[in-house]
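Listed below, chain by chain, are the residues.
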Amino acid sequence: MNSKVKAPMSNLQSVGSPQRIIELKLPLPYLLTIMGTLAMLIVTMYFKGEKAAEEIVALRGDIRELRAELKAKDSTTNTIAGAMALLSFRVETAESDIRVLKQYELPRKTK
């Protein structure tokens, strides 16, 4: 004989009401602790994000200042390099003039 045993209908499968698969009951102190922790986490993250945004704005200002200083130093460096090239040219010209003058120098008489 083929007999199938049917389980009696439990209160979880009542007709017309949604099925409740997981029922979670937390004591009120636990629930308040979890909610308080989450609230503090959210508030902390908000203020840390705001502080980070302020630091980013300050860093942008510092970067602008550094770029301006770098441009000024670049122009100063270019000016100094030009002056050094001019001085190098003048020294070379003076040395060649000295060589030319030494070639035409009259011998000195010694006593």
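Above this text is the structure in question.
Residues numbered from 1 in each chain as written. Predicted model: local features only at pLDDT ≥ 70, side-chain atom pairs only at ≥ 80, totals over all residues. Heavy atoms only, no water.

Caption draft 1: Geometry of the overall build of the protein chain. When helices and strands are tallied, the protein chain shows one helix and zero strands. Residues counted as buried form 0% of the 111 residues belonging to the protein chain. Summed over all atoms, the accessible surface of the protein chain reaches about 11,600 Å², with 64% contributed by carbon and sulfur. (Helix = DSSP H or I, 4+ residues; strand = E, 2+ residues; numbered from the N terminus. Buried < 20%, exposed > 50% of the residue type's maximum accessible area, 1.4 Å probe, protein only. Areas by Shrake-Rupley, 256 points an atom, 1.4 Å probe, with all protein chains shown as cover.)

Caption draft 2: Representation of a positive patch on the surface within the structure. Judged by side-chain charge, R60, R64, R67 and K71 come together as a positively charged surface patch. Secondary-structure assignment places R60 in helix α1 (residues 28–103). Looking at R60, the relative accessible area reads 52%, which means it is exposed. (Patch = residues over 30% accessible without salt bridge, like charges linked within 9 Å, V, L, I, M, F, W, Y side chains within 5 Å. Salt bridge = Lys/Arg side-chain N within 4 Å of Asp/Glu carboxyl O. Lys, Arg positive; Asp, Glu negative; His and termini not counted. Charge placed at Lys NZ, Arg CZ, Asp CG, Glu CD.)

Caption draft 3: Region of the structure containing the environment of T44. Its place among the elements puts T44 in helix α1. According to the relative accessible area criterion, T44 is partly exposed, its value standing at 36%. Polar contacts involving the side chain of T44 include one to the main-chain carbonyl oxygen of M40, which spans 2.7 Å. (Polar contact = N/O pair within 3.5 Å; in protein donor to acceptor, adjacent residues only side chain to side chain.)

Any link to function would need more than the numbers given here.
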